[in-house]
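# Analysis of the macromolecular model
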Amino acid sequence: MSEQSNPELPPLPYDYDALEPHISEQVLTWHHDTHHQGYVNGLAGAEETLAENRESGDFGSTGGALGGVTHNGCGHYLHTLFWENMDPNGGGEPEGDLLARIEEDFGSYEGWKGEFEAAASAAGGWALLVYDSVAGQLRNVKVDKHDQGALWGSHPILALDVWEHSYYYDYGPDRGDFVSNFFEVIDWDDVAENYDEVVGTFE
């Protein structure tokens, strides 16, 4: 059975307290075990409804289930990327081909970072660094919820969750402080691997 029809919550790639003081053990526990699990469950439920509707020929609830797939599926996939994009020994700046591409597409690392921070400030869900396979370039994308504002043909390589459950317990309403601390735990090696994989596919 495919991942789409049998989704599972992946374990965190580090201990729950590993990202302190930037993200607390309590927030990671709630965020991963409750919120992410909720999207996994929602995706599984939507997939089950679609399968039942196909079998019965009654498509009355199909529209809602299709919305459940995109909302919960994107929530599941982006949370998985978010966890993998962080590491207790992260931080610093990108290097190598990824840095060169950021400088090419955004003018400088500082230009990319400032724009990414602006996306994180304006988003109602996620700030993403994506590779746009249609235009052949990196872009920052502001996504509301999990699936509103996504760009067709783009492939996220870095994800920052800016839903309030990501930061309110640790930072209160100061989202900007949370975003600044995110840069202290970015695993640029993971982001570079994602970049190499997607560019290797499309270029």
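See the structure above.
The model shown is predicted, which means the values in this text are computed figures rather than measured ones.

### Brief notes about the overall build of the protein
Broken down by element type, the protein carries 7 helices and 3 strands. Reading the protein from its N terminus to its C terminus gives the helix and strand order α-α-α-α-β-β-β-α-α-α. Taken against the 2.2 N^0.38 rule, which gives 17 Å for 203 residues, the C-alpha radius of gyration of the protein at 18 Å falls within 12% of a compact globule. Taken along its principal axes, the extent of the C-alpha atoms in the protein is 55 × 40 × 30 Å. The buried share among the 203 residues of the protein stands at 43%. Expressed as a percentage of contacts within the protein between residues at least 6 apart in sequence, the contacts between residues at least 24 apart total 66%. Accessible surface for the protein amounts to roughly 9900 Å². Of this, 47% is attributable to carbon and sulfur atoms. Separation between the mean location of the 7 positive side-chain charges and that of the 39 negative ones in the protein comes to 11 Å.

### Comments concerning the pattern of salt bridges
Taken as a whole, this structure holds 4 salt bridges when the rule is applied. Where Glu203 meets Arg101, a salt bridge forms, and the shortest distance between an N and an O atom there is 2.8 Å. With Glu203 in the segment after helix H7 (188-202) and Arg101 in helix H3 (residues 96-106), this pair connects stretches of sequence that are 102 residues apart. In this structure Glu203 comes out as exposed when scored by relative accessible area, which is 53%. Asp132 is the partner of Arg139 in a salt bridge, and the nearest nitrogen-oxygen pair spans 2.7 Å. Asp132 sits in the buried class, given a relative accessible area of 4%. By sharing partners, the salt bridges in this structure join Arg101, Asp105 and Glu203 into a single network.

### Describing the sheet that holds strand S3 (residues 154-161)
On the basis of which strands lie adjacent, the open sheet formed by 3 strands has the order S2-S1-S3 and antiparallel pairing. Sheet topology places strand S2 (137-144) and S3 at the edges, where each strand pairs with a single neighbour. Pairwise comparison of adjacent strand axes, ignoring direction, gives a mean angle of 25° for this sheet. Across 7 bridges, strand S1 (residues 125-132) lies against S3 in antiparallel orientation. By the bridge assignment for S3, Tyr131 is matched with His155.

### Overview of the environment of Gly125
One can find Gly125 in strand S1. Overall, Gly125 belongs to the buried group, its relative accessible area being 0%. Filtering out sequence-adjacent residues up to four positions away, Gly125 remains in contact with Val143, Asp144, Lys145, Leu160, Asp161, Val162 and Trp163.

Reading the values: rules and limits
Residues numbered from 1 in each chain as written. Predicted model: local features only at pLDDT ≥ 70, side-chain atom pairs only at ≥ 80, totals over all residues. Heavy atoms only, no water. Helix = DSSP H or I, 4+ residues; strand = E, 2+ residues; numbered from the N terminus. Rg over C-alpha atoms; globule rule 2.2 N^0.38 Å. Buried < 20%, exposed > 50% of the residue type's maximum accessible area, 1.4 Å probe, protein only. Contact = heavy atoms within 4.5 Å. Areas by Shrake-Rupley, 256 points an atom, 1.4 Å probe, with all protein chains shown as cover. Lys, Arg positive; Asp, Glu negative; His and termini not counted. Charge placed at Lys NZ, Arg CZ, Asp CG, Glu CD. Salt bridge = Lys/Arg side-chain N within 4 Å of Asp/Glu carboxyl O. Pairing = 2+ DSSP bridges. Axes fitted to C-alpha atoms, helices over the stretch in contact; angles between N-to-C directions.

Functional significance is not addressed by these values, which are geometric in nature.
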